[in-house]
Amino acid sequence: MKQTEFLTKLEKANNLATLSSQERLNLQEIMKNTEALDWIRRYRKKVLEEGRGEAQYWWQQTLLDIAKKRGESAADDLRRRMNEQKDKK
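Residues numbered from 1 in each chain as written. Predicted model: local features only at pLDDT ≥ 70, side-chain atom pairs only at ≥ 80, totals over all residues. Heavy atoms only, no water.

### Considering the nonpolar core
Soluble globular proteins: nonpolar side chains tend toward being buried together.
Consideration 1: Listed in full, the twelve residues of the largest apolar core are Ala36, Trp39, Ile40, Tyr43, Ala55, Trp59, Leu63, Ile66, Ala67, Ala75, Leu78 and Met82.
Consideration 2: Contributions of two or more residues to this core are made by helix H2 (21-50), helix H3 (52-70) and helix H4 (72-88).
Consideration 3: Considering each element in turn, this core owes the most residues, five residues, to H3.
Consideration 4: In contact with Leu78, other than residues within four places in its own chain, are Glu35, Ala36, Trp39, Trp59 and Ile66. (Core = buried A, V, L, I, M, F, W, Y, C linked by side-chain atoms within 4.5 Å. Buried < 20%, exposed > 50% of the residue type's maximum accessible area, 1.4 Å probe, protein only. Helix = DSSP H or I, 4+ residues; strand = E, 2+ residues; numbered from the N terminus. Contact = heavy atoms within 4.5 Å.)

### What to know about the packing of aromatic side chains
Consideration 1: Counted according to the given criterion, the structure contains three aromatic pairs.
Consideration 2: With 6.0 Å between their ring centres and 45° between their planes, Trp39 and Trp58 make a pair best called tilted. Taken as a pair, Trp39 in helix H2 and Trp58 in helix H3 lie far apart in primary sequence, 19 residues in all.
Consideration 3: Judged by its relative accessible area of 22%, Trp58 falls in the partly exposed class.
Consideration 4: Ring-pair connections join several aromatic residues into one group, and the members of that group are Trp39, Trp58 and Trp59.
Consideration 5: It is Arg42 that lies over the ring of Trp39; its NZ or CZ is 4.4 Å from the centre. (Phe/Tyr/Trp six-rings, centres within 6.5 Å; stacked < 30°, edge-to-face > 60°. Lys NZ or Arg CZ within 6 Å of the ring centre and 35° of its normal.)

### Some words on the packing of H2 against H4
Consideration 1: Contact geometry of H2 with H4 gives a least axis separation of 9 Å together with a crossing angle of 75°. When the axis of H2 is compared with that of H4, the two are roughly perpendicular. Contact with H2, carried on its side by Glu29, Lys32, Asn33, Glu35, Ala36, Leu37, Trp39, Ile40 and Arg44, involves Asp77, Leu78, Arg81, Met82, Gln85 and Lys86 of H4 and no other residues of that element.
Consideration 2: Grouping the constituent residues of the contact of H2 with H4 by class yields six nonpolar, two polar and seven charged. (Axes fitted to C-alpha atoms, helices over the stretch in contact; angles between N-to-C directions. Parallel < 35°, antiparallel > 145°, perpendicular 65-115°, else oblique. Nonpolar A, V, L, I, M, F, W, Y, C, P; charged D, E, K, R; others polar.)

### Concerning the environment of Arg80
Consideration 1: For Arg80, the location among the structural elements is in helix H4.
Consideration 2: Counting along the chain gives 44 residues from Arg80 to Ala36, while the straight-line C-alpha distance between them is 8.8 Å.

### Quick word on the pattern of salt bridges
Consideration 1: As enumerated under the stated definition, the model contains ten salt bridges in all.
Consideration 2: In this structure, the salt-bridge partner of Glu49 is Lys45, at a minimum N-O distance of 3.9 Å. Taken together, the residues span about one helical turn, with Glu49 and Lys45 both in helix H2 at a distance of four residues.
Consideration 3: Here Glu49 falls in the exposed class, since its relative accessible area comes to 53%.
Consideration 4: Residue Lys45 is classed as partly exposed on the basis of its relative accessible area of 47%.
Consideration 5: When the shortest N-O distance is used, the salt bridge between Lys46 and Glu50 registers 3.5 Å. Taken together, the residues Lys46 and Glu50, both in helix H2 and four residues apart, mark about one turn of the helix.
Consideration 6: Here the salt bridges do not stand alone but share partners, grouping Glu29, Asp77, Arg80, Arg81 and Glu84 into one network. (Salt bridge = Lys/Arg side-chain N within 4 Å of Asp/Glu carboxyl O.)

Have a look at this one:
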């Protein structure tokens, strides 16, 4: 089964409560990896628009905000996922 195939089934998409625990875990992984890709895209856009130094400062402030709102472990997980996604390419 493709990574997102189960999400395309209409009965699953209409009610997330019907997902099995494994499907919920898979969905959570997909969402976290998608978020990491989105932050990579935003960072690269910031580098192009404002330069590497300004982008790094912006990212550090953003990561601190994420750590405050979600906790340090969530920020570390996001950073780890971003590095994994970046290394895949």
